[in-house]
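# Report on the structure
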Amino acid sequence: MSKKIVLITGTNSGFGWLTAHSVAALGHKVYATMRDTQGRNADKAAALSAVVNVTVLDVTLTDDESVKQAVDTILDKEGTIDVLVNNAGYGMTGVAESFTTADVHTTFDINVYAPWRLMKQVLPTMRKQGEGLIINVTSGFGRVSFPFATIYAASKFALEGISEGLHYEVKRLGIDVAIVEPGAFPTEMQQKNNPASDQEVFEGYAAIADIPNKMVTALGGEMQAKKPDPQDVADAIVKLINTTKGTRPLRTVVDPITGQYIEAANQAITEQFAKGLTVFGMGELL
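This text gives an overview of the structure that appears in the document. Residue indices follow the written sequence of each chain, beginning from 1 at its first position. Given that this is a predicted model, residues contribute local features only at a pLDDT of at least 70 and side-chain atom pairs are listed and counted only at 80 or more, while totals for whole chains, interfaces and linings are drawn from all residues. Processing note: side-chain calculations cover all non-hydrogen atoms of the structure and skip hydrogens and water entirely.

### Some details on the overall build of the protein chain
Only DSSP runs of H or I with at least four residues qualify as helices, and only runs of E with at least two residues qualify as strands; both kinds are numbered from the N terminus onward. Helix and strand counts for the protein chain stand at nine helices and seven strands. Judged by the C-alpha coordinates and their principal axes, the protein chain covers about 60 × 55 × 40 Å. Exposure classes here rest on a 1.4 Å probe applied to the protein chains alone. A residue is buried below 20% of its type maximum, exposed above 50%, and partly exposed in between. Residue burial in the protein chain is summarised as follows: out of 286 residues, 47% are buried. Contacts: residue pairs with any heavy atoms within 4.5 Å of one another. Considering only contacts within the protein chain whose residues lie at least 6 apart along the sequence, 72% involve residues at least 24 apart. Working definition of accessibility: Shrake-Rupley area with a 1.4 Å probe, residue cover restricted to the visible protein chains. Accessible surface computed for the protein chain: about 13,800 Å², of which carbon and sulfur atoms make up 55%.

### Description of the pairing of strand β1 (residues 5-8)
Every regular strand shows the same layout, with side chains that alternate between the two sheet faces. Burial of β1 is two-sided: the residues Ile5 and Leu7 facing one way and the residues Val6 and Ile8 facing the other way are all buried. In this view, the connection linking β1 to its parallel neighbour strand β2 (residues 29-34) by way of helix α1 (residues 14-25) has right-handed handedness. Taken together, the three bridges between β1 and strand β4 (residues 83-86) define a ladder with parallel strand orientation. Within β4, the position partnered with Val6 by the bridge is Val83. Looking down the strands as they point away from the viewer, one classifies a crossover as right-handed if the path from the first strand across the helix to the second runs clockwise. Note on pairing: two strands pair once DSSP finds at least 2 bridges between them.

### Points about helix α8 (residues 231-242)
When the terminal C-alpha atoms of α8 are compared, their 16 Å separation across 12 residues agrees well with the 16 Å that a helix rising 1.5 Å per residue should span. Among all positions in α8, only Val233, Ala234, Ala236, Ile237, Val238, Leu240 and Ile241 are buried. Structurally, α8 contributes buried residues whose contacts are with α1, β4, β5 (132-137), β6 (175-182) and β7 (251-254). One less than the number of residues in a helix, times 1.5 Å, gives the span that helix is expected to have.

### Concerning the packing of α1 against α8
Angular values range over 0 to 180 degrees, each being the angle between N-to-C directions of two axes fitted as lines to C-alpha atoms, with helices fitted over their stretch in contact. Contact geometry of α1 with α8 gives a least axis separation of 8 Å together with a crossing angle of 45°. As far as their axial angle goes, α8 and α1 are oblique. The crossing of α1 and α8 is right-handed. Contacts between α1 and α8 involve Phe15, Leu18, Thr19, Ser22 and Val23 from the first element and Gln231, Val233, Ala234, Ile237, Val238 and Ile241 from the second. Residue composition of the contact of α1 with α8, grouped by class: eight nonpolar, three polar and no charged. Roughly parallel means an angle under 35 degrees; roughly antiparallel, over 145; roughly perpendicular, 65 to 115; everything else is oblique. For a crossing to be left-handed, the near helix must be turned anticlockwise from the far one by less than a right angle; the clockwise case is right-handed. In this classification, Asp, Glu, Lys and Arg are treated as charged, Ala, Val, Leu, Ile, Met, Phe, Trp, Tyr, Cys and Pro as nonpolar, and every other residue, Gly included, as polar.

### As for the packing of aromatic side chains
For any pair of aromatic rings, the description consists of the separation of the ring centres together with the inter-plane angle of the planes. In this analysis, rings of Phe, Tyr and Trp, with Trp reduced to its six-membered ring, are considered paired at centre separations within 6.5 Å, and the interplanar angle assigns stacked below 30 degrees, edge-to-face beyond 60, and tilted for intermediate values. Summed over all chains, the structure comprises four aromatic pairs. Taking the centre distance of 5.6 Å and the plane angle of 85° together, the rings of Phe15 and Phe185 count as edge-to-face. Separated by 170 residues along the polypeptide, Phe15 in helix α1 and Phe185 in the loop between β6 and α6 (188-191) bring together distant segments of the chain. Each member of the pair, Phe15 together with Phe185, is buried. Look at Phe141 and Tyr152: their rings are 6.5 Å apart centre to centre, the planes differ by 75°, and that puts the pair in the edge-to-face class. Of the two residues, Phe141 is situated in the loop between β5 and α5 (150-170) and Tyr152 in helix α5; the sequence distance between them amounts to 11 residues. Members of the aromatic cluster, joined through ring pairs, are Phe141, Phe146 and Tyr152.

### Quick word on the pattern of salt bridges
For this analysis, a salt bridge means a side-chain nitrogen from Lys or Arg found within 4 Å of a carboxyl oxygen belonging to Asp or Glu. Applying the stated criterion across every chain, the model contains 10 salt bridges. A salt bridge links Asp109 to Arg117, with the nearest nitrogen and oxygen atoms 3.1 Å apart. You can call Arg117 buried: its relative accessible area is 16%. Measuring nitrogen to oxygen at the nearest pair gives 3.4 Å for the salt bridge that ties Arg251 to Glu181. With Arg251 in strand β7 and Glu181 in strand β6, this residue pair connects regions lying 70 residues apart in the sequence. The residues Arg251 and Glu181 share a single accessibility class, namely buried. If you follow the salt bridges from partner to partner, you end up with Glu160, Glu164, Glu181 and Arg251 in one network.

### Considerations on unusual backbone geometry
In this structure, Asp36 takes a positive phi of about 55° despite not being glycine. Within the fold, Asp36 resides in the loop between β2 and α2 (42-49).

### A look at helix α4 (residues 101-129)
Here α4 contains 29 residues, and its C-alpha end-to-end distance of 40 Å stays within 8% of the 42 Å for a straight helix at 1.5 Å per residue. The largest bend along α4 measures about 45° and falls at Asp109. What the bend at a residue measures is the angle between two axes, fitted to the seven residues ending there and to the seven starting there.

In structure tokens:
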């Protein structure tokens, strides 16, 4: 197996932290990004930097220049980027009406625009070398929009849309684009709740005010019963990296709780999508 240069975002915790360790353990060179490596993430940055084959970069994913500088740094040193893993994400919950325009912008800036910033920067190199892999971590909520996660789901829908269209556009250029759809896992992001800003709205939703608590109770029971392991997501990403170019699946579901429903939705949509693409004269891209 040849050594690859792998850029992973959101490595200060959760899936990104585990993925960086797992990929580096295979001998690949990992560039792990996180914010504030001299401040609140200093301990995480130091610990990850001590791992063999890992270099930590301080990157603000919401800033074009910061992203460009990071990619240029890697290219200047390595001459290539073989794999991009867009893992960093931002969760915000609440009834949809409680989201301000600023809330929506923040959610999309991290979950949609940031991955696109990275993709836009690495694609020229991948096209030039005729090879590359982009893995975008979305969510089961990128397929279905659950109540009280509406805006988060919308951002993941958007990333899925970018990923799916791009998958077919660049496949013949030697580049694979793959989506990983995790379900609920006990990670720091899952446990951290960023409430929407317009709290006054909640007074008008008294009729359904108890439903979020029911959801939390039900999910807690499922988590306790099935004990989902975040390492499974890292393993799925590693498997995609190790899979032969051109044979990687577009979507990989990693969800022991509701994954069977997402898998069924994916299968149904894939079949109809293929028919639609053929009708529009693009069947050869399949």
